[in-house]
Amino acid sequence: VTATRGSIVIDAMDIKVLEVEDQPAHTFLSIRYGETRKQGPCRPNETFTFPAGQQPKAFTVDVLRKVASTQVSLAGITAVGGSLNNVEIQSLDIGDAPMKASFEASLRSVEPEEKTAASRGRNAAERARQYMESSGIQPFLQEMFTQLLERKPRDYLDFMADFIEQKREEVDHLDAGDIDFSTEPGLGDEALPGFVDFPLPDISKHNSVAMAVLRSPELSDALPRLATLRTSMDVTLARCIKAAVDCPGHPLVKVAGAYAGDAESYEVFKEFFDPLIAAMNPGYPKQGRPDVGPVPLDADLSKISDDAVDSSGCYVVFTSLEARRNVTGFKMPMCCSQAERRDVERIISNAKLRGTYLPLRSSKSCPALPIGMAAYQEERLRKVGMLLTEPDSKIKLAAGFGRHWPDARGVFVCDSPGTYIWVNEEDHFRFFARQEGCELKHIYERLVKAMSSVADATTVADGERCGFASSPRHGWVTSDPSRLGAALRVTMTLRIPRLANAVDVVSLCQSLNLECDSSTSAISGNLWQIHSSAAVGLTEVEMMNSWIKACSLLVNLEQRLEKGQSMFEVLPGMGLDYPGQLPLSGACPEEMPDISSCCSLVATCLRGNPELYATHRSLSTSTGIGLGPCLRPGVDREAGKQRTASGLVAGDEECLETFKPLFLCIHEQLENFVPELPSSHDNSEMPCKWVKVEMRRNLAGARFAPSCSKEDRREVERLLVSCMHNQEVVPLNGQYYPLA
């Protein structure tokens, strides 16, 4: 904080806040200069102006904290004769109960007849006040009218009716009292009854990914051996797949179905989990990564891009981050004992975090709150979407995530706005950070600080730090195989109405390695929820930078459409940029790119015979096309995920001879993918309705589509259109329509 004075005549003293660090929530500044004290928000560029008067040599800065706040309607006080008792002032700390106070407000007048009129109605007003106070009507009306004036709805009658209905539901919920979960199936001492041990029942009609892996021929020989194995913490494969066996699922809804009971499960049962992870994460090898993967945690904020996703603030509505972590040396929530779960809860209680830990209502595991959080705290957490609730899906209850509910579960609400932690849900800890707007780097910084504080608290009796469980092959270890790797999920709500009308947003997001389910992500025609995809094999920093780049592109596309500009110029692979690891012209690098995660046919050829790359990387056709443009689709990390894609293209007709061994290798594999055509004697009850024939041709001497220039493509269009419009060449009537 600095103070400045005028250079000639001192009329006033300005004290300006330049920077604020580590500011707790709900605080403000109080500055005293001389005999004058002023208060204001604690934020950069906030200026406090004082009259010059005397010129003391110092000023006093106090940081005050607002502990409770509410709005009291003067109209409400007037309605009961000038006073209002037991006003509930909501605490800003979710761990504190509301305060209560009484107030009196009146308008003074010198006219005696007004005082006389007021005194005549005092008895009636007192009776009304007593009734409204005893029945709780006054706080109810005050809250309703306060929200009514804040929101100013067009239909105020509907608003008040909805408000009354909501209050009725809240009262009914609070009157219901505590629930005895011990009698609920799957929420008592045991998981839902079902599969216990091998041999497997009939799983031919089961639909989860785990069951598909168990039915695969590759696992049939190893399954009897895996069924006898146990981890050092006594977790079996039968325990990991119980949920998948008990819940057949739906053919159109593919879930993993299996969960890891501890970190060691992924190694002891890797012949089962590696194909499962590969199925949930396209591009991941079925046999896992043979090499040591990237460092699981890279929290260096300086490596995260400073590019703004939405510098205008018009397109990103809300941003949230979620990270999952499990403690080394403990079984995961699916298999852990009640004592282990309480040990995990003690970790969060001992963490050096600013905030409040609130065990779930009726939990008896936390000495500070032996019966859990209060009813009003539970309701407030539910309203803001922060409450950890009991599992209600059969697959989670069958897995065992609901055992001993709600013992040793809770929510740690950090002082940092929008930051909280779930304890002992699917994983030991789920960290959340969220806020309006797109300050992604700032939100991630809050998340990393919370995770570091909890990691520091993971110590055992001898002082040795346990830390969070990780694997050199998989990254951070989670119960759900689909959440391995960075174990980070980013969600943004974007306002992109023009883009949604112009393209298939779901397909566009998939091409950018994002997720967007049209059934749940399209909140309205304007707002779309975009999620990060699976992050196995990526560090958090890599994932964050990839997310920033992809979402910045979506915002850029929306802005171009607003200006009436074409969006294809900035789409990857459709504009001037030519993405890929290999050069468009000249020789390829001496070292072959990493194709361990590529599933294309050409990648399979090159992994089996790397000499094909070495002998062809320097060759080129007479038109200057080398191996690079032909091989790019096969070694691209994203495009190569499609297992049936050949991954090899020809830049011109001469490529078929220059790189003949590669094309022959692809042709041999493609023979296995040729479908069997029905014979003329087929007695099928589904007769053929129509037939479509497609033939492809390229102009001799011209480069093919993967390698031609913009001018080449326009020349081909000119030649073909002129031929089509020439009745002597093409005796057919028709019209050519170029794309919009």
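Every value quoted in this text rests on a predicted model; they were computed, and no experiment measured them.

Engineer: So what exactly am I meant to see when it comes to the pattern of salt bridges here?
Structural biologist: Here the idea is simple: oppositely charged side chains can pair when their charged atoms come close. Within the structure shown, the criterion is met by 29 salt bridges. The partner of Arg489 in a salt bridge is Glu515, and the shortest N-O contact between them spans 3.8 Å. Taken together, the residues span a long stretch of sequence, with Arg489 in strand β17 (residues 488-495) and Glu515 in strand β18 (residues 514-515) at a distance of 26 residues. In this structure, the salt-bridge partner of Arg696 is Glu694, at a minimum N-O distance of 3.0 Å. Like Glu694, Arg696 is exposed.

Engineer: It is not clear to me how the state of the cysteines should be interpreted in this structure. Could you clarify?
Structural biologist: By definition, a disulfide is the covalent link that joins the sulfur atoms of two cysteine residues. Counted according to the given criterion, the structure contains one disulfide. There is a disulfide in this structure between Cys605 and Cys665, and the S-S distance comes to 2.1 Å. Taking the sign of the S-S torsion, about -100° here, the bridge from Cys605 to Cys665 comes out left-handed. Separated by 60 residues along the polypeptide, Cys605 in helix α20 (residues 601-608) and Cys665 in helix α24 (residues 660-670) bring together distant segments of the chain. Assessed through its relative accessible area of 18%, Cys665 is described here as buried. Left without a disulfide partner, Cys588 is nearest to the cysteine sulfur of Cys630, which lies 8.8 Å away. Among the cysteines around Cys630, which has no disulfide bond, Cys655 carries the closest sulfur, lying 3.8 Å off.

Engineer: Any chance you could explain the nonpolar core here in plain terms?
Structural biologist: One finds Phe429, Phe431, Val454 and Leu488 to be the most contacted residues of the largest nonpolar core, which totals 66 residues. It is helix α19 (residues 540-562) that provides the largest number of residues to this core, a total of 11 residues. Ala238, Ala260, Phe272 and Trp405 belong to the second-largest nonpolar core, a separate cluster that totals 59 residues.

Engineer: For this particular structure, what's the right way to read the sheet that holds strand β3 (residues 27-33)?
Structural biologist: Each strand in a sheet pairs with another by means of backbone hydrogen bonds, the pair being arranged parallel or else antiparallel. Taken in spatial order, the three strands line up as β4-β3-β6 in an open sheet, and their pairing is antiparallel. Both outer strands of the open sheet, β4 (36-41) and β6 (60-65), are each paired with one neighbouring strand and no more. Across the sheet, the axes of successive neighbouring strands diverge by a mean angle of 25°, strand direction being ignored. Note: β3 against β6, six bridges, orientation antiparallel. Note on β6: the bridge partner recorded for Phe28 is Leu64.

Engineer: Hey, could you run me through the confidence of the model for the chain in this one?
Structural biologist: For any part of a model where pLDDT is low, the fine detail of the predicted coordinates should not be relied upon. For the chain, the mean per-residue pLDDT works out to 83, and 85% of the residues sit at or above 70. Contacts for the low-pLDDT stretch residues 1-8, under 50 throughout, to residues beyond four places or in other chains number 17 contacts. The low-confidence segment residues 290-295 (pLDDT under 50) makes five contacts with residues lying over four places distant or belonging to another chain.

Engineer: So what exactly am I meant to see when it comes to a nonpolar patch on the surface here?
Structural biologist: A surface patch of nonpolar side chains, amounting to about 310 Å² of accessible area, comprises Leu699, Leu719, Leu720 and Met724. Take Leu719: it is sitting in helix α25 (residues 710-724). Taking relative accessible area as the criterion, Leu719 reaches 34% and is therefore assigned partly exposed.

Engineer: How should unusual backbone geometry be read in this particular structure?
Structural biologist: It is generally the case that most residues other than glycine have a negative phi and that most peptide bonds are trans. A cis amide bond links Phe198 with the next residue in sequence, Pro199, at an omega value of 10°. Positionally, Pro199 belongs in the loop between α5 (156-175) and α6 (209-215). A cis amide bond, omega 0°, links Trp405 with the succeeding residue Pro406. Within the secondary structure, Pro406 is located in the loop between α14 (394-399) and β12 (410-414). In the Ramachandran plot, Ser362 falls in the positive-phi region, its phi being about 80° despite a non-glycine side chain. Take Ser362: it is sitting in the loop between β11 (355-359) and α13 (375-383).

Engineer: How should I be thinking about the environment of Leu192 in this particular structure?
Structural biologist: Position of Leu192 among the secondary structure elements: in the loop between α5 and α6. Judged by relative accessible area, which is 16%, Leu192 ranks as buried. Sequence separation between Leu192 and Ile395 is 203 residues; the distance between their C-alpha atoms is 9.1 Å. With near-sequence residues (within four places) excluded, Leu192 lies in contact with Pro185, Gly186, Lys242, Asp246, Lys394, Leu397 and Ala398.

Engineer: Is there a simple way to explain helix α22 (residues 627-635) in this structure?
Structural biologist: Because each turn of an α-helix spans 3.6 residues, side chains separated by three or four positions in sequence point in the same direction. Burial runs high along α22: eight of the nine residues are buried. For α22, the set of buried residues is Leu627, Gly628, Pro629, Cys630, Leu631, Arg632, Gly634 and Val635. Contacts from the buried residues of α22 go to α20, α21 (611-616), α23 (655-658) and α24.

Engineer: Explanation requested: the sheet that holds strand β13 (residues 419-423) in the structure shown.
Structural biologist: Across the sheet, eight strands lie side by side as β11-β12-β13-β14-β10-β17-β19-β18; this open sheet has antiparallel pairing. Of all strands in the sheet, those with a lone pairing partner are β11 and β18, marking the two edges. By the bridge criterion, four bridges tie β12 to β13 in an arrangement that is antiparallel. Looking at the pairing, Val413 lines up with Tyr420 of β13.

Engineer: For this particular structure, what's the right way to read a negative patch on the surface?
Structural biologist: Negative charge collects at one region of the surface, where Asp155, Asp158, Asp162 and Glu165 lie side by side. Position of Asp162 among the secondary structure elements: in helix α5. You can call Asp162 exposed: its relative accessible area is 55%.

Engineer: Could you clarify how one ought to interpret α20 in this entry?
Structural biologist: Turning to α20, its buried residues are Leu601, Val602, Ala603, Cys605 and Leu606. Contacts made by the buried residues of α20 are with α21, α22 and α24.

Engineer: Help me understand the packing of aromatic side chains, please; the structure alone is not making it clear to me.
Structural biologist: Here a ring pair, both rings aromatic, is described through the centre-centre distance and the interplanar angle of the planes. Per the counting criterion, the structure on display carries 12 aromatic pairs. With a centroid separation of 5.9 Å and an interplanar angle of 90°, the aromatic rings of Phe195 and Phe198 are classed as edge-to-face. Like Phe198, Phe195 is buried. Judged by centre distance (4.8 Å) and plane angle (10°), the rings of Tyr420 and Phe432 are stacked. With a gap of 12 residues between them, Tyr420 in strand β13 and Phe432 in strand β14 (residues 429-436) connect regions that are remote in the sequence.

Engineer: How should I be thinking about the pairing of β11 in this particular structure?
Structural biologist: With four of five residues buried, β11 is to be regarded as a mostly interior element. Relative to β12, β11 runs antiparallel, the two being bridged by five bridges. Looking at β12, one finds that Leu358 is bridged to Val411.

So, how was this worked out
Residues numbered from 1 in each chain as written. Predicted model: local features only at pLDDT ≥ 70, side-chain atom pairs only at ≥ 80, totals over all residues. Heavy atoms only, no water. Salt bridge = Lys/Arg side-chain N within 4 Å of Asp/Glu carboxyl O. Helix = DSSP H or I, 4+ residues; strand = E, 2+ residues; numbered from the N terminus. Buried < 20%, exposed > 50% of the residue type's maximum accessible area, 1.4 Å probe, protein only. Disulfide = S-S within 2.5 Å. Core = buried A, V, L, I, M, F, W, Y, C linked by side-chain atoms within 4.5 Å. Pairing = 2+ DSSP bridges. Axes fitted to C-alpha atoms, helices over the stretch in contact; angles between N-to-C directions. pLDDT = per-residue confidence, 0-100. Contact = heavy atoms within 4.5 Å. Patch = residues over 30% accessible without salt bridge, like charges linked within 9 Å, V, L, I, M, F, W, Y side chains within 5 Å. Areas by Shrake-Rupley, 256 points an atom, 1.4 Å probe, with all protein chains shown as cover. Lys, Arg positive; Asp, Glu negative; His and termini not counted. Charge placed at Lys NZ, Arg CZ, Asp CG, Glu CD. Phe/Tyr/Trp six-rings, centres within 6.5 Å; stacked < 30°, edge-to-face > 60°.

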